[in-house]
Amino acid sequence: MEKNGIWHSSFRIPAYMVGTNRKANLVAICNLLQEVAGEHAQLHHLGYEDMQHKGQFWVLNRLRVKVTNYPDWKSTVELRTWVNSMKGPFSYRNFSMYNEQGQVLLAACSLWVLIDAESRRPVRILKYSLPVLENAASLCGQPEKLKPLNDSILIATHKVKPSDLDMVGHVNNVKYLEWMLDALDGEFDKVKMIDVNYLQESFINDEVDLFRSDNGFAITGVESKEDICRMRFQ
């Protein structure tokens, strides 16, 4: 439901979203953010099906998530999302999640780019009906542009599998985070903030290397030697 340009969705946290601590994990939370963003875009004819008819699709370019408290299993949360800016091919979308007492559990800010499906190049958003709330800033600031790693070490290698792909046919953006967290073997289970930059696409059977330098991380194509994704955990 939309109120004053802000989309509101309520969810009961199911068992498949939580880990051994009975709290929703970061990967599940990021999938939920993507889901409600799609719901709000669909309401204003900017969702997957509408853009597919135009030969276009949205790609997540940057993401910041700041967690105060991870939601508990079986708890009910309200997730809100709104667009703060929409210029050229770019759209800034913000999020906030609340518990049943109205306390903020987490906040997020994302930068999306509209892409032409054939050329794979950004295209301007020519017409939209979605409300843009320029005065409703993110509760966690904007995601930063991350620099290449220095003195990094290889921590894992991954070959893209069918389960990694989304409807567009490339790797789902949340999968990069999942690969990295799995490679770190629980070291960042209680991470409070992440910044992620998405730089390239990857596809079925691609091989990627996962690198680390302190709290900075990168996923790099084995053949291209170019960064596909960069991350920072705090």
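Higher on the page you've got the structure.
Per chain, the residues get numbers from 1 upward, laid out in the order the sequence is written. Confidence filtering applies because this is a predicted model: local features only for residues at pLDDT of at least 70, side-chain atom pairs given and counted only at 80 or more, and all residues used for totals across whole chains, interfaces and linings. Each side-chain value is derived from all of the structure's non-hydrogen atoms; neither hydrogens nor water enter the calculation.

**Some details on the overall build of the protein**
Test applied: To qualify as a helix, a DSSP run of H or I must reach at least 4 residues; to qualify as a strand, a run of E must reach at least 2; elements of each kind are numbered from the N terminus. Here the globule rule reads 2.2 Å times residues to the power 0.38, and the radius of gyration is calculated from C-alpha atoms. Each residue gets one of three labels from its accessible area relative to the maximum for its type: buried under 20%, exposed over 50%, partly exposed in between, using a 1.4 Å probe on protein chains only. In what follows, a contact means two residues having at least one pair of non-hydrogen atoms within 4.5 Å.
The secondary structure content of the protein amounts to three helices and 11 strands. Going residue by residue from the N terminus, the α and β elements of the protein occur as β-β-α-α-β-β-β-β-β-α-β-β-β-β. Relative to the 2.2 N^0.38 estimate, which gives 17 Å for 234 residues, the radius of gyration of the protein is 17 Å and therefore close to what a compact globule would have. If one aligns the C-alpha atoms of the protein with their principal axes, the spans along those axes are about 45 × 45 × 30 Å. Every one of the 234 residues in the protein was classed for burial, and the buried ones make up 48%. Counting only contacts in the protein whose residues sit at least 6 apart along the sequence, the fraction spanning at least 24 positions is 72%.

**Remarks on the sheet that holds strand β2 (residues 6-12)**
Put simply, the test is: By the convention used here, strands pair only if DSSP detects at least 2 bridges between them.
Pairing is antiparallel across the open sheet formed by 11 strands, whose spatial order is β1-β2-β4-β5-β6-β3-β8-β11-β10-β9-β7. Across the chains shown, the open sheet's two edge strands, defined by having one partner strand only, are β1 (2-3) and β7 (153-159). Here five bridges tie strand β8 (residues 193-198) to strand β11 (residues 227-233), and the two strands are oriented antiparallel to one another. Counted as the bridge partner of asparagine 197 is arginine 230 from β11.

**Notes on the packing of helix α1 (residues 26-43) against helix α3 (residues 173-183)**
Let me state the cut-off plainly: Every axis in this analysis is a line fitted to C-alpha atoms, fitted for helices over the stretch in contact. Angles between the N-to-C directions lie between 0 and 180 degrees. The cut-offs work like this: below 35 degrees is roughly parallel, past 145 is roughly antiparallel, 65 to 115 is roughly perpendicular, and the gaps in between are oblique. Note that Gly is not counted as nonpolar here; it falls among the polar residues with everything else outside the nonpolar set of Ala, Val, Leu, Ile, Met, Phe, Trp, Tyr, Cys and Pro and the charged set of Asp, Glu, Lys and Arg.
Put simply, α1 and α3 touch, their axes get as near as 10 Å, and they point 175° apart. The orientation of α1 with respect to α3, classified from their angle, is roughly antiparallel. Here α1 contributes Leu26, Val27, Cys30, Asn31 and Gln34 to the contact with α3, which in turn contributes Asn173, Val174, Leu177, Glu178 and Leu181. Looking at the contact of α1 with α3 residue by residue, the class counts come to six nonpolar, three polar and one charged.

**Section: the layout of surface pockets**
Put simply, the rule reads: A 1.4 Å probe that fits but cannot get out identifies a cavity on a 1 Å grid over protein atoms alone, an open set with protein on both sides within 12 Å along at least five of seven lines counts as a pocket, and a residue lines either if it has an atom within 4 Å of a point. Grid points are joined across faces, edges and corners, and a volume is the space filled by probe spheres set on the points.
Of the voids in this model, the largest pocket is the one considered here, and its volume is about 1200 Å³. Around the largest pocket, the lining is made up of 48 residues, and of these Trp58, Val59, Leu60, Trp112 and Asn173 lie nearest the centre. Sort the elements by how many residues they give to the lining of the largest pocket and α1 lands first, with nine residues. The residue inventory of the lining of the largest pocket, partitioned by class, reads 24 nonpolar, 13 polar and 11 charged. Looking at the second largest pocket, its volume works out to about 420 Å³. In this structure, the second largest pocket is lined by 20 residues; those nearest its centre are Asn25, Leu26, Leu181, Phe188 and Asp189.

**Description of α1**
This is how the line gets drawn: By this rule the span expected of a helix is its residue count minus one, scaled by 1.5 Å. Polar contact criterion, stated in full: a pair of N or O atoms within 3.5 Å, where within protein one must be able to donate a hydrogen and the other to accept it, and residues adjacent in sequence count only if both atoms are side-chain atoms.
With 18 residues, α1 should cover 26 Å at 1.5 Å per step; its first-to-last C-alpha distance of 26 Å lies within 8% of that length. Among the residues making up α1, those that are buried are Leu26, Val27, Ala28, Ile29, Cys30, Leu32, Leu33, Val36, Ala37, His40 and Ala41. Of the residues flanking the start of α1, the one acting as N-cap is asparagine 25, its side-chain oxygen 3.2 Å from the backbone nitrogen of valine 27. Histidine 45 sits one or two residues past α1 and shows a positive phi near 60°.

**Describing the side chain of asparagine 94**
For asparagine 94, the position within the fold is in strand β5 (residues 90-98). You can call asparagine 94 buried: its relative accessible area is 1%. Dropping the residues within four chain positions of it, asparagine 94 is found in contact with Arg80, Thr81, Trp82, Asn84, Ala108, Cys109, Ala136, Ala137 and Ser138.

**Considerations on empty space enclosed by the protein**
Evaluated as defined, the whole model comprises one cavity of 30 Å³ or more. As for the largest cavity, its lining consists of Cys30, Leu33, Gln34, Leu60, Leu63, Phe95, Ser110, Trp112, Asn173 and Val174. Those elements that provide at least two residues to the lining of the largest cavity are α1, β3 (56-67), β6 (104-116) and α3. The greatest single-element share of the lining of the largest cavity, amounting to three residues, is contributed by α1.

**A closer look at the packing of aromatic side chains**
Here is the rule: Here a Phe, Tyr or Trp ring, Trp counted by its six-membered ring, pairs with any other such ring whose centre lies within 6.5 Å, and the pair is stacked when the planes are under 30 degrees apart, edge-to-face when over 60, and tilted otherwise. In this scheme, the term charge over a ring applies when either NZ of a lysine or CZ of an arginine sits within 6 Å of the ring centre and within 35 degrees of the ring normal.
For the coordinates displayed, the defined rule picks out three aromatic pairs. Consider the rings of tyrosine 176 and tryptophan 179, whose centres lie 5.1 Å apart with planes at 75°: the pair is edge-to-face. Here tryptophan 179 and tyrosine 176 lie together in helix α3, a separation of three residues that amounts to about one turn. On the accessibility criterion, tyrosine 176 (3% relative accessible area) is buried. Given a relative accessible area of 7%, tryptophan 179 falls into the buried group. A connected cluster of aromatic rings, assembled from ring pairs, spans Tyr176, Trp179 and Tyr198. Sitting over the face of the ring of tryptophan 73, lysine 74 holds its NZ or CZ atom 4.4 Å from the ring centroid. The aromatic ring of tyrosine 98 is capped on one face by arginine 80, whose charged end is 4.1 Å from the ring centroid.

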